[in-house]
Amino acid sequence: MSTLLITGATSGLGRYVAFELVRAGHVVLVHGRDEDRTERLVEELRAEGDAEGFVADLASLARVRELAAHVGDAHPELDVLINNAAVGAGPSGAGRELSADGHELRLAVNYLAPVVLTRALLPVLRANAPARIVNVGSAGQEPLDVADPELIRRYSGLSAYCRSKFALAAHTFTLAEELDGSGVAVNVVHPATHMDTAMVREGGFTPRHTVADGAPGVLAPATRDLGSGRYFDGTRAARAHEAAYDPAVRRRLAAVTDQLLRV
């Protein structure tokens, strides 16, 4: 059995996956932004198995680093990280929002936070190899403009969301190459299109699938050896945006990422 950390677990897909994993006998560490909701979730999960909660606002990279330190100290046996938390496109026409660090909010939560959390937990995951990282992505991907990564010009919430998910996919492929031979696998998955979640409804989309439909796509790479550096559409091996495989694009993204994280 594994010890798994799931971010964004207090609702939607993350909550469903947490229950599936704890019922299967895994130790499930759930992250939430709200303390009360996180505590209530842990109480429910403990009725089924072994669970613990961690609270952090992923819109603050300092809080992300604290989260990694707390998890690593409390559970040095951690061997699976599921980066699930995300901010959706938001209501149509909504204005540009900023994170606690002044970054565009969707870029910060959907991309920079999982990059920072993963980097901070890599020593723990390496020590517990074979280990797995699952990045919950999206089929909605739009190449990041490295000249305007914060989308200051011609902002739209949907574009910001799709750019953050493109960046996450491209980063996944780069990280997989870096971790080759380490025993740590990293994959990215589009669980299902327009699941019935608050994020989807807020964006004005009509739900097409349930979170139960999307869960197998996350559970498979979290609990089974499916290789590394792969993109899945549900449980089916698929292709991300073609630009995400371009080494030059990924090099520019890595450079911009490092620059943003130094600000």
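Now for a look at the structure at hand. (Residues numbered from 1 in each chain as written. Predicted model: local features only at pLDDT ≥ 70, side-chain atom pairs only at ≥ 80, totals over all residues. Heavy atoms only, no water.)

### With respect to helix H5 (residues 157-178)
Between its first and last C-alpha, H5 extends 31 Å over 22 residues, near the 32 Å set by a 1.5 Å rise per residue. In terms of burial, H5 is a largely internal element, 19 of the 22 residues being buried. (Helix = DSSP H or I, 4+ residues; strand = E, 2+ residues; numbered from the N terminus. Expected span 1.5 Å × (residues − 1). Buried < 20%, exposed > 50% of the residue type's maximum accessible area, 1.4 Å probe, protein only.)

### Examining the environment of alanine 215
Along the chain, the position of alanine 215 falls in helix H7 (residues 211-223). Here alanine 215 falls in the buried class, since its relative accessible area comes to 1%. Between the alpha carbons of alanine 215 and glycine 14 there is a distance of 8.5 Å; along the sequence they are 201 residues apart. With residues near it in sequence (within four places) discarded, alanine 215 still touches Leu13, Tyr16 and Val17. (Contact = heavy atoms within 4.5 Å.)

### Considerations on the packing of helix H1 (residues 12-23) against H7
Look at H1 against H7: their axes get within 9 Å of each other, and the N-to-C directions meet at 55 degrees. With respect to each other, H1 and H7 are oriented oblique. For the pair H1 and H7, the crossing hand works out as right-handed. Touching Gly12, Leu13, Tyr16, Val17, Glu20 and Leu21 of H1 are Val211, Ala212, Gly214, Ala215, Val218, Leu219 and Thr223, all from H7. Classifying every residue of the contact of H1 with H7 gives 9 nonpolar, 3 polar and 1 charged. (Axes fitted to C-alpha atoms, helices over the stretch in contact; angles between N-to-C directions. Parallel < 35°, antiparallel > 145°, perpendicular 65-115°, else oblique. Left-handed = near helix turned anticlockwise from the far one by under 90°. Nonpolar A, V, L, I, M, F, W, Y, C, P; charged D, E, K, R; others polar.)

### Let's talk about the pattern of salt bridges
Pairs may arise between side chains of opposite charge once their charged atoms sit close together. Under the criterion given, the structure shown has 11 salt bridges. Between glutamate 44 and arginine 15 there is a salt bridge, with its nearest N and O atoms 2.6 Å apart. Of this pair, glutamate 44 sits in helix H2 (residues 35-46) while arginine 15 is found in helix H1, placing the two residues 29 residues apart along the sequence. We note a salt bridge from arginine 236 to aspartate 233, for which the minimum N-O separation is 3.2 Å. Here aspartate 233 falls in the partly exposed class, since its relative accessible area comes to 28%. One salt-bridge network, held together by shared partners, links Glu20, Arg23 and Glu48. (Salt bridge = Lys/Arg side-chain N within 4 Å of Asp/Glu carboxyl O.)

### Side note on the packing of aromatic side chains
The final tally for this structure, using the stated rule, is 1 aromatic pair. Between the aromatic rings of phenylalanine 173 and tyrosine 245, the centroid separation amounts to 4.6 Å while the plane-to-plane angle is 10 degrees, which identifies the pairing as stacked. Taken as a pair, phenylalanine 173 in helix H5 and tyrosine 245 in the loop between strand E8 (236-238) and helix H8 (247-262) lie far apart in primary sequence, 72 residues in all. For phenylalanine 173, a relative accessible area of 5% translates into the label buried. Across from the ring centre of tyrosine 245, 3.8 Å away, lies the NZ or CZ of arginine 239, which sits over that ring. (Phe/Tyr/Trp six-rings, centres within 6.5 Å; stacked < 30°, edge-to-face > 60°. Lys NZ or Arg CZ within 6 Å of the ring centre and 35° of its normal.)

### Section: the side chain of arginine 132
Mapped onto the elements, arginine 132 comes out in strand E5 (residues 131-136). Aspartate 225 provides the closest opposite charge to the buried, unpaired arginine 132, separated from it by 5.6 Å. A polar contact is formed between the side chain of arginine 132 and the backbone oxygen of arginine 224, at a distance of 3.0 Å. (Lys, Arg positive; Asp, Glu negative; His and termini not counted. Polar contact = N/O pair within 3.5 Å; in protein donor to acceptor, adjacent residues only side chain to side chain.)

### Notes on the sheet that holds E8
Spatially, the 8 strands line up as an open sheet ordered E3-E2-E1-E4-E5-E6-E7-E8, and their pairing is mixed. Single-partner strands in this sheet number two, and they are strand E3 (51-55) and E8. For this sheet, the mean inter-axis angle between neighbouring strands, taken without regard to orientation, is 25 degrees. Bridge count for strand E1 (residues 3-6) against strand E2 (residues 27-32) is 4 bridges, and the pairing is parallel. Counterpart to threonine 3 in the pairing with E2 is valine 27. Set on the sheet, H1 makes contact with E1, E2, strand E4 (80-83) and E5; between it and E1 the angle comes to about 170 degrees. Each of E5, strand E6 (184-190) and strand E7 (231-233) touches H5; the most contacted strand, E6, lies at about 155 degrees to it. (Pairing = 2+ DSSP bridges.)

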